[in-house]
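# Observations on chain architecture
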Amino acid sequence: MTPTTFSLPAGDQPVRTRLPLVLIANLGVAVCLLGAVPLIHKGQQGFVQHSTTDRGYVEAAISSGEADFMHNALRTTEIARAMAHDDHVATMAVMQLTVAFLSVLFFFNGLYMFRLHRRSRGAPVAARRQ
């Protein structure tokens, strides 16, 4: 060590952590995820009306007198369209639950990290007192 070098005794080293930045990032992600849930729900509501079979359209096409294979194809197509939209609505419902769950996980992760941070800051003070 040179005469100009300064160092603190081993017990007096300052504890530097990056928890506030990580905690803010965790809480920011949690808030963003919670904000996404209403947007997903609003998008889901746009597909709900398309997820039911238009029975009047199918019956009108069937009663038009076209060939049997066209009627069967129309019925299959209309039902397949409605089922596809229904699957999309169900997927968006699962997405809402997943995003809400992830938001809760980020929030509790932030709380856990905050507790660890407070505990680690209290430990050197207690060690210095002894």
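Model, not experiment: these values are computed from the prediction. (Residues numbered from 1 in each chain as written. Predicted model: local features only at pLDDT ≥ 70, side-chain atom pairs only at ≥ 80, totals over all residues. Heavy atoms only, no water.)

### Re the overall build of the protein chain
What counts, and what does not: Comment: elements are numbered from the N terminus, with helices defined as DSSP H or I runs of at least four residues and strands as E runs of at least two. In what follows, residue pairs with any heavy atoms lying within 4.5 Å of each other are defined as contacts. Residue-level accessible areas treat just the shown protein chains as cover; the underlying method is Shrake-Rupley with a 1.4 Å probe.
The secondary structure content of the protein chain amounts to three helices and zero strands. At a minimum sequence separation of 6, the contacts of the protein chain that also span at least 24 residues come to 81%. For the protein chain, the exposed surface amounts to about 10,000 Å²; the carbon and sulfur share of it is 66%.

### Things to note about the side chain of glutamine 96
Operational definition: Residue burial is assigned from relative accessible area. The probe radius is 1.4 Å, only protein chains are included, and a residue is buried under 20% of its type maximum, exposed over 50%, and partly exposed in between.
Relative to the helices and strands, glutamine 96 resides in helix H3 (residues 68-129). Judged by relative accessible area, which is 14%, glutamine 96 ranks as buried. Residues in contact with glutamine 96, not counting those within four places in the same chain, are Val37, Ile40, His41 and Gln44.

### Considerations on a nonpolar patch on the surface
For the record, the criterion: The patches reported here contain residues having more than 30% relative accessible area and no salt bridge. Joining distances are 9 Å for like charges and 5 Å for nonpolar side chains (Val, Leu, Ile, Met, Phe, Trp, Tyr). Each salt bridge in this description consists of a side-chain nitrogen of Lys or Arg and a carboxyl oxygen of Asp or Glu lying within 4 Å of one another.
The grouping of Leu27, Val104, Phe107, Phe108 and Leu111 at the surface amounts to a nonpolar patch, some 420 Å² of accessible area in total. If you tally residues by element for the nonpolar patch, the top one is H3, at four residues. One can find valine 104 in helix H3.

### Here we look at the packing of aromatic side chains
We count it as follows: In this scheme Phe, Tyr and Trp rings, the latter by its six-membered ring, pair at centre separations within 6.5 Å, and the angle between planes marks the pair as stacked below 30 degrees, edge-to-face above 60, and tilted otherwise.
Scanning the model with the defined rule gives one aromatic pair in all. Measuring from ring centre to ring centre gives 5.7 Å for phenylalanine 107 and phenylalanine 108, while their planes differ by 65°; the resulting arrangement is edge-to-face.

### Points about the nonpolar core
Selection rule: We define a nonpolar core as any set of buried Ala, Val, Leu, Ile, Met, Phe, Trp, Tyr and Cys residues linked to one another through side-chain atoms lying within 4.5 Å.
Membership of the largest hydrophobic core is limited to five residues, which are Leu33, Val37, Ile40, Met92 and Val99. Contributions of two or more residues to this core are made by helix H1 (19-48) and H3. If we skip the residues at most four places from it in the chain, leucine 33 touches Val99, Leu102, Ser103 and Phe106.

### Thoughts on the environment of alanine 36
Relative to the helices and strands, alanine 36 is located in helix H1. It is 9.9 Å that separates the C-alpha atoms of alanine 36 and serine 103, two residues lying 67 residues apart in sequence.

### Focus on the confidence of the model for the protein chain
Parts of the model with low pLDDT should not have their predicted coordinates read in detail. The test is simple: In predicted models, pLDDT denotes the confidence assigned by the predictor to each residue on a 0 to 100 scale.
Scored by pLDDT, the protein chain has a mean of 76; 65% of the residues are at 70 or more. Averaged over each element, pLDDT in the protein chain is lowest for helix H2 (residues 55-62) (70) and highest for H1 (85).

### Quick notes on the environment of threonine 91
For threonine 91, the position within the fold is in helix H3. Each C-alpha atom, one on threonine 91 and one on glutamine 44, is 9.1 Å from the other, the two residues being 47 residues apart in sequence.

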